[in-house]
Amino acid sequence: ALISRWEWGRIIATWIVPGLIALAVWSATSVMVRRARRGEAHHDPSPAGLGYVIRRPLSWIITGAMGLGSFAYYTLATWLPTRFASVGIDEATGGLMLAAFNLLGLPGAFLVKYFTSTRTAPRQLAVMWLTYASGAALLTVDATWAVTVGTIMTGVTPVSYTHLTL
């Protein structure tokens, strides 16, 4: 392997730094907004602060939905190249298939709000997740055709974007 496990650990750990910076900026902004409101005679009724966000159940629902969507997408996006190689698909074709997986999700990203905001949204979401699960199951079959069809099925279902409907 080109990159040892220790180097991967360092690479992944470097992403902690931007996260901590974002947390510090968000927290500082929240404190500044709160202090500015104390000095004003008129209080804006809109809530602010990390405590308010943490106490809201909807915040946790959105966090969970976004996390699951990201988990579904990024797990496949990083695992598919290895899976393609394991069934005998060459690197160039595997790269094209990974690009197709990503491009197939674009229409769904734009249409997911439509699919999930109608009266039949629960049925449409169930069909979408069933299609995704079926495609994921096909990815476990050791046959090129199954991996190809599974890639298409998981790529075309916008499960990564269902959090946009919340």
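Just above, that's the structure.
Residues numbered from 1 in each chain as written. Predicted model: local features only at pLDDT ≥ 70, side-chain atom pairs only at ≥ 80, totals over all residues. Heavy atoms only, no water.

Student: Residue-level account of helix H7 (residues 144–156), with values.
Tutor: Between its terminal C-alpha atoms H7 stretches 18 Å, which fits the 18 Å expected from 13 residues at 1.5 Å a residue. The complete set of buried residues in H7 reads Ala146, Val147, Gly150, Thr151, Thr154 and Gly155. All buried residues of H7 fall inside an arc of 155° around its axis, so they share one side. (Helix = DSSP H or I, 4+ residues; strand = E, 2+ residues; numbered from the N terminus. Expected span 1.5 Å × (residues − 1). Buried < 20%, exposed > 50% of the residue type's maximum accessible area, 1.4 Å probe, protein only. Arc of directions from axis to C-beta.)

Student: So what's going on with the packing of aromatic side chains? Residues and values would help.
Tutor: The geometry of two aromatic rings is summed up by the distance between their centres and the angle between their planes. Counted according to the given criterion, the structure contains three aromatic pairs. For the ring pair Tyr73 and Phe101, a centre distance of 5.9 Å and an interplane angle of 10° mean the geometry is stacked. Here Phe101 lies in helix H5 (residues 91–116) and Tyr73 lies in helix H4 (residues 57–86), a separation of 28 residues in the sequence. Exposure remark for Tyr73: the relative accessible area of 23% places this residue in the partly exposed category. Taking the centre distance of 5.8 Å and the plane angle of 70° together, the rings of Trp129 and Tyr132 count as edge-to-face. With a gap of three residues between them, Trp129 and Tyr132 both fall in helix H6 (residues 121–138), about one helical turn apart. For Tyr132, a relative accessible area of 11% puts it in the buried group. (Phe/Tyr/Trp six-rings, centres within 6.5 Å; stacked < 30°, edge-to-face > 60°.)

The analysis is restricted to geometry; functional conclusions fall outside its scope.
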